[in-house]
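Working through the structure, step by step
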Amino acid sequence: NTHLINAAKNCYQSHQQDCEARYRRRVGEKMIAEKRRLESEIGEELPLEMPQEGGTTATVMIVHPRCLFVSWVGDSRAVMGLRVGERLM
């Protein structure tokens with residue numbers, strides 16, 4: 001029984017380490033790079049904790065030729081911008 005428990009624990013820990021490494025590559029590195037880009041663009045530091053944990057939110061925007069529908073759940077928010085040439089609006 002102890003051997004089986006240890007094998008299961010080792011399997012779980014190995015899987016968890018693989019998931020964390022995959023998260024760093026697929027999400028973490030990209031988020032940090034985008035954070036740096038945004039900070040450079042706006043000239044101030046943005047808060048970011050890694051890894052991102054917990055919480056579930058959704059923000060949805062539907063653009064229709066005559067109107068715009070925006071809906072959200074949770075504590076998320078969306079900021080919409082428009083670039084016209086070199087100008088941000």
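The model shown is predicted, which means the values in this text are computed figures rather than measured ones.

The rules behind the values
Residues numbered from 1 in each chain as written. Predicted model: local features only at pLDDT ≥ 70, side-chain atom pairs only at ≥ 80, totals over all residues. Heavy atoms only, no water. Helix = DSSP H or I, 4+ residues; strand = E, 2+ residues; numbered from the N terminus. Rg over C-alpha atoms; globule rule 2.2 N^0.38 Å. Buried < 20%, exposed > 50% of the residue type's maximum accessible area, 1.4 Å probe, protein only. Contact = heavy atoms within 4.5 Å. Areas by Shrake-Rupley, 256 points an atom, 1.4 Å probe, with all protein chains shown as cover. Lys, Arg positive; Asp, Glu negative; His and termini not counted. Charge placed at Lys NZ, Arg CZ, Asp CG, Glu CD. Pairing = 2+ DSSP bridges. Expected span 1.5 Å × (residues − 1). Bend = angle between axes of the 7 residues up to and from the residue. Disulfide = S-S within 2.5 Å. pLDDT = per-residue confidence, 0-100. Polar contact = N/O pair within 3.5 Å; in protein donor to acceptor, adjacent residues only side chain to side chain.

Observations regarding the overall build of the chain
- Looking only at helices and strands, the chain has one helix and four strands in total.
- N-terminal to C-terminal, the α/β element order of the chain is α-β-β-β-β.
- Whereas a compact globule of 89 residues would reach a radius of gyration of roughly 12 Å, the chain reaches 20 Å, over 25% beyond that.
- Seen through its C-alpha atoms, the chain measures out along the principal axes to roughly 65 × 30 × 20 Å.
- Residues counted as buried form 4% of the 89 residues belonging to the chain.
- Counted over contacts in the chain with a minimum sequence separation of 6, partners at least 24 positions apart contribute 9%.
- Accessible surface computed for the chain: about 8,400 Å², of which carbon and sulfur atoms make up 54%.
- Each charge class in the chain can be summarised by its mean position, and for the 13 positive and 12 negative side chains these summaries are 6 Å apart.

Quick look at the pairing of strand β1 (residues 58-64)
- Pairing analysis gives seven bridges linking β1 to strand β2 (residues 67-73), with the strands arranged antiparallel. Note on β2: the bridge partner recorded for His64 is Cys67.
- Turn length for the β1-β2 hairpin, with the two strands adjacent in sequence and antiparallel, is two residues.

As for helix α1 (residues 2-42)
- The terminal C-alpha atoms of α1, which comprises 41 residues, lie 56 Å apart, in line with the 60 Å expected from a rise of 1.5 Å per residue.
- Where α1 bends most, at Arg24, the angle is about 40°.
- Residues Gly28, Lys35 and Glu39 constitute the buried set of α1.
- Directly beyond the C-terminal end of α1, a positive phi value near 80° is found at Gly43.

Let's talk about the state of the cysteines
- A complete count under the given rule lists zero disulfides for this structure.
- The cysteine Cys11 is free of any disulfide, with Cys19 supplying the nearest cysteine sulfur at 11 Å.
- Judged by relative accessible area, Cys11 falls into the exposed class, the value being 53%.

Let's talk about the confidence of the model for the chain
- Residues at a pLDDT of 70 or more form 93% of the chain, whose mean pLDDT is 83.
- For the chain, strand β4 (residues 87-88) is the element with the lowest average pLDDT, namely 78, and α1 is the one with the highest, namely 87.

Details of the side chain of Glu39
- Mapped onto the fold, Glu39 is located in helix α1.
- From its side chain, Glu39 meets the backbone nitrogen of Leu46 in a polar contact 2.8 Å long.
- Residue contacts for Glu39: discarding those within four places in its chain leaves Glu44, Glu45 and Leu46.

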